[in-house]
Amino acid sequence: MTPLAPPPSPPGPAVADGLWSDSDPPRLLAGCCRDCGAYSFPVPDACARCSSVDIAAENLPPTGTLWTWTVQRFQPKEPFDGAEPFAPYGVGYVDFGGKVLVEGRLVESDPRRLAIGMRVETCLVMYRPGTYTYAFREVQP
Ligand SMILES: [Zn+2]
């Protein structure tokens, strides 16, 4: 299967604001509750655990561990507005040091090359022409 195309540099507009910082490589921004310590992604307005609104945005580490994954083989229903024609893509949850699990696209869509526990890094990929989103790709040794 064809991996998602890497973005040109610099990338275009994001699918949503506040998902990642402008660092190189990009790092996802998570919210850390200053009252109870819970992390969440994306940065929430209030903590899902204790309802506090005292949330600090923090860079997640550049790499994490693939916690689970699947391959999206059919076009999702609206509000999906990704690139046409639809192409299957990997999707998974990445564990960032036990702080938070983040769902996102995987650059790899071949199930033979995906494994729970593999090290992945955050990258940016084209979501639809001119718009970018974060994704995860295997860390090369
Ligand atoms: Zn909290």
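Residues numbered from 1 in each chain as written. Predicted model: local features only at pLDDT ≥ 70, side-chain atom pairs only at ≥ 80, totals over all residues. Heavy atoms only, no water.

Undergrad: Report on the sheet that holds strand β4 (residues 63-72), specifying residues and quantitative values.
TA: Read once around its circumference, the closed barrel built from 5 strands follows the order β4-β5-β6-β8-β7, with strand pairing classed as mixed. Across this sheet, the average inter-strand angle for adjacent strands is 40°, counted without regard to direction. Relative to strand β5 (residues 89-96), β4 is paired through 7 bridges, and the arrangement is antiparallel. Its bridge partner being in β5, T65 is matched across the sheet by D95. (Pairing = 2+ DSSP bridges. Helix = DSSP H or I, 4+ residues; strand = E, 2+ residues; numbered from the N terminus. Axes fitted to C-alpha atoms, helices over the stretch in contact; angles between N-to-C directions.)

Undergrad: I'd like a description of the coordination of the zinc ion, backed by residues and values.
TA: Coordination of the zinc ion by the protein comes from C33 (SG), C36 (SG), C47 (SG) and C50 (SG), over a distance range of 2.3 to 2.4 Å. What the 4 donor atoms of the zinc ion show is an angle range of 102 to 116° at the metal, which sorts the shape as tetrahedral. Each donor residue of the zinc ion lies on one chain, and together they are spaced C-x2-C-x10-C-x2-C. Overall, C47 belongs to the buried group, its relative accessible area being 7%. C50 sits in the partly exposed class, given a relative accessible area of 34%. (Donors = N, O, S within 2.8 Å, 3.2 Å for Na, K, Ca; no water. Tetrahedral: all angles 85-135°; square planar, octahedral: opposite > 155°, others 65-115°. Buried < 20%, exposed > 50% of the residue type's maximum accessible area, 1.4 Å probe, protein only.)

Undergrad: A description of unusual backbone geometry should follow, citing residues and the corresponding values.
TA: Generally, phi is negative for residues other than glycine and the peptide bonds are trans, each holding for most cases. Cis rather than trans, the peptide bond between E78 and P79 has omega equal to 15°. In this model, E84 is joined to P85 through a cis peptide bond whose omega is -10°. For P85, the position within the fold is in the loop between β4 and β5. A positive phi angle, near 70°, is found at S51, a position not held by glycine.

Undergrad: With reference to specific residues and values, describe the sheet that holds strand β2 (residues 39-40).
TA: Pairing is antiparallel in the open sheet, where 3 strands are placed in the order β2-β1-β3. Looking at which strands have only one partner, the edges of the open sheet turn out to be β2 and β3 (55-59). In the sheet, strand β1 (residues 29-33) pairs with β3 via 5 bridges, with the strands oriented antiparallel. Following the sheet pairing, A30 is matched in β3 by E58.

Undergrad: How would you sum up the pairing of β4? Please name residues and give values.
TA: The side chains of a regular strand alternate between the sheet's two faces. Where β4 lies against strand β7 (residues 119-128), 3 bridges are found, and the strand directions are antiparallel. Its bridge partner lying in β7, G64 is registered against V120.

Undergrad: Describe the pairing of strand β6 (residues 100-106), with residues and values.
TA: Most of β6 sits inside the fold, with 5 of its 7 residues counted as buried. Strand direction decides the pairing type here: β5 and β6, joined by 7 bridges, are antiparallel. Bridging across to β6, G92 finds its partner in G104. Relative to strand β8 (residues 131-138), β6 runs parallel, the two sharing 2 bridges. Directly across from R105, in β8, lies its bridge partner A135.

Undergrad: An account of the nonpolar core is requested, with residue identities and associated values reported.
TA: Judged by nonpolar contacts, the single largest core of 19 residues is most densely connected at L28, F96, V102, Y134 and F136. Contributing elements (two or more residues each) for this core: β4, β5, β6, β7 and β8. No other element matches β6, which puts 3 residues into this core. Filtering out sequence-adjacent residues up to four positions away, V102 remains in contact with L28, F41, L60, G92, Y93, V94, F96, Y134 and F136. (Core = buried A, V, L, I, M, F, W, Y, C linked by side-chain atoms within 4.5 Å. Contact = heavy atoms within 4.5 Å.)

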